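# Topology and contacts: notes
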Amino acid sequence: MATDLSADKEERGREDAAKARSGRSIVYSPGYRARSGPIEAISAYAREIRRDRWQVWMNFLRKFKSSYSTTFAGMFWAFALPLVPIGAYTLLATMRVVSTTDDMSHLVYIALGVTLYAYVTAPIEQTMAALKSDKALLSSTHIGVFSVILGRFGTVVFETLVRLGLIAILMVFFGGYPTHWWSAAFLPLLGVVFLSSLGVGLLLAIFNAVAADVEKVVSVILRFGVFFSAVFFPMPQGGLSGQLTDFNPIHTYVNGLRTLLVKGYLPDPAVMAWTGGLGMVIFLVAITLFYRAEPHLRASG
Amino acid sequence: MTEASNDVILKASGVYKKFGRSNLVARRQLAARLGAVLTGRSARHKRIRTGDFWSLQDINLEVQRGEVLGVIGLNGAGKSTLLRVLYGLMAPDLGEIEVNGETGALIELGAGFETSLSGRENVFIKGALMGRSRREMEEMFPAIHKFSELGDFINSPISGYSSGMRLRLAFAIASTITPDLLLLDEIVSVGDFSFKQKCRSRLNEMSERAGVVFASHSMSDIRSMCTKAIVLQKGQIMFRGEPDLAIDFYTDMQAQIESKRVAPARKEPEKAPPKEPAKAASPAKTPDSPEANIIKDTRFGVIAMDRKKVSRADHYWKMDGKPANVLDTCKPASFHFEIECLETIQDIEIGLMIWDEKGNKLAPITTEFVQPDRLREASGKVKGEVSLPQFSLVPGRYVTTIAISEKGLLLYRNVLEEISVVSSARSIGVVRLPAEWKFGDDADVA
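To keep things clear, this report deals only with the structure shown in the data block. (Residues numbered from 1 in each chain as written. Chains lettered and ligands numbered in written order. Predicted model: local features only at pLDDT ≥ 70, side-chain atom pairs only at ≥ 80, totals over all residues. Heavy atoms only, no water.)

### Focus on the overall build of chain B
Across its full length, chain B holds 10 helices and 20 strands. By sequence separation, contacts in chain B at least 24 residues apart represent 71% of the contacts at least 6 residues apart. Counting every atom, chain B has about 21,500 Å² of accessible surface; 50% of that belongs to carbon and sulfur. (Helix = DSSP H or I, 4+ residues; strand = E, 2+ residues; numbered from the N terminus. Contact = heavy atoms within 4.5 Å. Areas by Shrake-Rupley, 256 points an atom, 1.4 Å probe, with all protein chains shown as cover.)

### Remarks on the nonpolar core
Residues A:Leu112, A:Val145, A:Leu202 and A:Phe290 are the most contacted members of the largest nonpolar core, which totals 71 residues. With near-sequence residues (within four places) excluded, A:Leu112 lies in contact with A:Ile167, A:Met171, A:Arg258, A:Leu261 and A:Val262. By size, the runner-up hydrophobic cluster in this structure holds 44 residues, among which are B:Met137, B:Phe147, B:Tyr161 and B:Ala229. (Core = buried A, V, L, I, M, F, W, Y, C linked by side-chain atoms within 4.5 Å. Buried < 20%, exposed > 50% of the residue type's maximum accessible area, 1.4 Å probe, protein only.)

### Points about unusual backbone geometry
Despite not being glycine, A:Arg33 shows a phi value in the positive range, around 70 degrees. Relative to the helices and strands, A:Arg33 is located in the loop between strand 1 (25–28) and helix 2 (38–51). On the basis of relative accessibility, which here comes to 14%, the residue A:Arg33 falls in the buried class. Positioned with a positive phi, B:Asp320 is a non-glycine residue whose angle comes to about 55 degrees. Mapped onto the elements of the fold, B:Asp320 is located in the loop between strand 12 (310–319) and strand 13 (322–323). What makes B:Asp320 exposed here is its relative accessible area of 56%.

### Points about the pattern of salt bridges
All names here are of chain B. Scanning the model with the defined rule gives 15 salt bridges over all chains in all. Measuring nitrogen to oxygen at the nearest pair gives 2.9 Å for the salt bridge that ties Asp-93 to Arg-33. You can see Asp-93 sitting in the loop between helix 3 (79–86) and strand 4 (94–100) and its partner Arg-33 sitting in helix 2 (residues 23–38), a full 60 residues away along the chain. Residue Asp-93 shares its accessibility class with Arg-33, and that shared class is buried. One salt bridge connects Glu-406 with Lys-309, and the closest N-O pair in it is separated by 2.7 Å. Here Lys-309 lies in the loop between strand 11 (301–305) and strand 12 and Glu-406 lies in strand 19 (residues 396–406), a separation of 97 residues in the sequence. (Salt bridge = Lys/Arg side-chain N within 4 Å of Asp/Glu carboxyl O.)

### Remarks on helix 9 (residues 154–174) of chain A
Taking 1.5 Å per residue, 21 residues should reach 30 Å; helix 9 of chain A reaches 30 Å between its end C-alpha atoms and fits that length. If you check which residues of helix 9 of chain A are buried, you get A:Gly154, A:Thr155, A:Val156, A:Phe158, A:Thr160, A:Val162, A:Arg163, A:Ile167, A:Leu170 and A:Met171. (Expected span 1.5 Å × (residues − 1).)

### Considering the pairing of strand 16 (residues 348–356) of chain B
One face of the sheet, then the other: side chains in a regular strand alternate in exactly this way. Residue and element names in this part refer to chain B. Here strand 16 lies mainly inside the structure; 8 of its 9 residues are buried. The pairing of strand 16 with strand 19 spans 9 bridges and is classified as antiparallel. Note that in strand 19 the partner of Met-353 across the bridge is Thr-401. In this structure, strand 16 lies alongside strand 17 (residues 361–366), joined through 5 bridges in antiparallel fashion. Counterpart to Trp-355 in the pairing with strand 17 is Lys-361. Connecting the antiparallel pair strand 16 and strand 17 is a turn made up of 4 residues, with Gly-359 showing a positive phi of about 95 degrees. (Pairing = 2+ DSSP bridges.)

### A short note on the interface of chain B and chain A
Taken together, the contact between chain B and chain A spans 50 residues of the former and 39 residues of the latter. Buried area between chain B and chain A, both sides added, is near 4,000 Å², and the carbon and sulfur share of it is 59%. On the chain B side of the interface with chain A, the three residues burying the most area are B:Leu38, B:Leu89 and B:Leu129, jointly 15% of the side's total. Run the count over chain B and chain A and you get 0 salt bridges. Across the chain B-chain A interface, the total number found is 7 residue pairs in polar contact (both at pLDDT 80 or more). (Buried area = accessible area lost by both parts, 1.4 Å probe. Polar contact = N/O pair within 3.5 Å; in protein donor to acceptor, adjacent residues only side chain to side chain.)

### Some details on the packing of aromatic side chains
Applying the stated criterion across every chain yields a total of 21 aromatic pairs over all chains. When the ring of A:Phe227 is compared with that of A:Phe232, the centres are 5.8 Å apart and the planes differ by 85 degrees; the resulting orientation is edge-to-face. Given a relative accessible area of 2%, A:Phe232 falls into the buried group. Here the aromatic residues A:Tyr45, A:Phe146, A:Phe290 and A:Tyr291 are joined through ring pairs into a cluster of three or more. Its guanidinium or amino end placed over the ring of B:Phe124, B:Arg134 lies 4.3 Å from that ring's centre, counting from NZ or CZ. (Phe/Tyr/Trp six-rings, centres within 6.5 Å; stacked < 30°, edge-to-face > 60°. Lys NZ or Arg CZ within 6 Å of the ring centre and 35° of its normal.)

### Notes on the layout of surface pockets
Over the atoms rolls a probe the size of a water molecule, and in doing so it shows where empty space is left. One number sums up the size of the largest pocket: a volume of about 1,500 Å³. In terms of lining, the largest pocket is formed by 49 residues, of which the most central are A:Arg24, A:Arg51, B:Leu129, B:Met130 and B:Gly131. For the lining of the largest pocket, the secondary-structure elements that each account for two or more residues are helix 1 (2–23), strand 1, helix 2, helix 3 (53–68) and helix 14 (269–299) of chain A together with strand 5 (103–106), helix 4 (119–129) and helix 6 (163–176) of chain B. For the lining of the largest pocket, the element with the highest residue contribution is helix 2 of chain A, accounting for 5 residues. (1 Å grid on protein atoms, 1.4 Å probe; cavity = no way out; pocket = protein on both sides within 12 Å on 5 of 7 lines; lining within 4 Å. Points joined across faces, edges and corners; volume = space filled by probe spheres on them.)

### What to know about the sheet that holds strand 18 (residues 377–388) of chain B
Residue and element names in this part refer to chain B. Taking strand neighbours across the sheet as the criterion, the 4 strands line up as 13-12-15-18 in an open arrangement whose pairing is antiparallel. Lying at the two open borders of the sheet, with one neighbouring strand each, are strand 13 and strand 18. Looking at chain direction, strand 12 and strand 13 are connected through 2 bridges and run antiparallel. Looking at the pairing, Lys-318 lines up with Pro-323 of strand 13.

Below is the structure:
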């Protein structure tokens, strides 16, 4: 019978899986993972994320829901709060407290700047925060560390989507919507930016486990960094500060991605190329080092 | 791989694990380990620096399929650290642990549970953490649900569960998934009686196809569930072998530690009847004793002595033929005393009382109904002993008081040093009465 056959096949498949699991052998030693390379690290983390996908999604939802569960206005805050920084900086621009640009509507400029800045900095902050707040869970279970980190991005992703929704509306009303097909490169570059930031976050998380000062210093840098990254006003082109902006990767990403999306070109492709390339190298180095350090970071909880 | 080596589920060779005595030292250790692995070197550390201590030392063990290894040890002996290292939650500082197959663990109650989600959802999450697909977990779910006895609560968030319910669910998942190696800490001993029975029976079933490492303070659990056992002390394996022998070793080890601990206390009661009463203690009289001077009032009653009649009294517990302040519930014990009388004492009565630490009277032992002729008129040195075929009190700390009276009038009363009672038997209730069982034709059943 067909059903019997399929059942047999399925049973055999399961038996194979069980046999594979039973045949698995692991050796824990002081040198555990010490010589692992980037391929081993990436494939191990990919397996973990696949294994824990249900838990990542649940964490994602739980953290998002819990942010607003005790408020009377509930979901109103979920939509309103992400727009507050855009509103505040737009007010400053309208009052001429900060300079604006003629290249695009200052509303679109600021909304995109704030959104991209939050997107670039979130992996750095959230990675350190995840390892700190979920220490107990990490030290008592084998839950994947990336599952814990990704679970924290729920609110970030939602806020980014809300802001992008606002940007789409602003583009419709004030112009500046993408007209060139090169603007499509915005999406893959978002991936590069995410991995670069994640790499930096992973490296900093390792140092933060030994000296928690790292998190404080990063927090200060990112609070002031918003004023040096062309988030709501353009940075000067000439002079020393103009030259230094090339060495500010956040400025490169925010300004480059915004111009790419709205105008369809990169203001400085060479700077973007080496920043992105360096970001990917940092990511590969960071994920390898983090993979090696992970058992010790977990145990420190 | 040979068939024999396939049966070895867990093998630990020369495992050491180091901890720090302070947060600063722990961070220094972490920095050293990270420094090593980040540069591609092994994080092995043999040197002990200021503030470091070994939590595990030279651990060598092997668990085969079908074996249940019991881990016994006092608090801080390294049992939980050992389980965490075996589970791979901590890398050893020296040595190697090889696990052949899958590992399941119940080390911390509720670890890995998402409390905002229902028990049902957590079953799938836990299963995924152990590499089980959703389909596999769906098949196992009815068995897990049935074993956990959660009924409709399985659909409620875990945040509303009692610790017993969480334990039942955690154990049901870990044992139904049937890993090749199951690591269990103390927590299984937390459940109620019927659940413990279920756990035992499940462990027996499991041990046929898996290896189990089980750490516990419950000697009866170790005796009934384990096929072999190790005794840990200060991170070292002090004994390995049959569970019964390991329990005996542990009991003796506990007794030695306890005797060292209580030894200094011996001095205080010996000081109690000094040649001259303490300055602060004014001479007083008990209601039934016009002569005895109260030296001190304690929560175990007064310390008093009539110096006109009693010049000296010596008394102590004995076990295994030698004076002891650590006794075993199941072994015979005797109390010995020697009194030096200055005058002839008529109708002497000697009474002992055993108190618990809180000051509750537990067991009186007196000559009240014995009235041996020798005690009708005592003078000079009076020596005696009272024997107990089995000490009977369950493990704990106790205080003995002795009182000597003449025709109901107190002559001497003292509070002895604290005694510790240890046992290889299960510690339930207050006393373990000596009992003799008869079965079949020998039993007198009407």
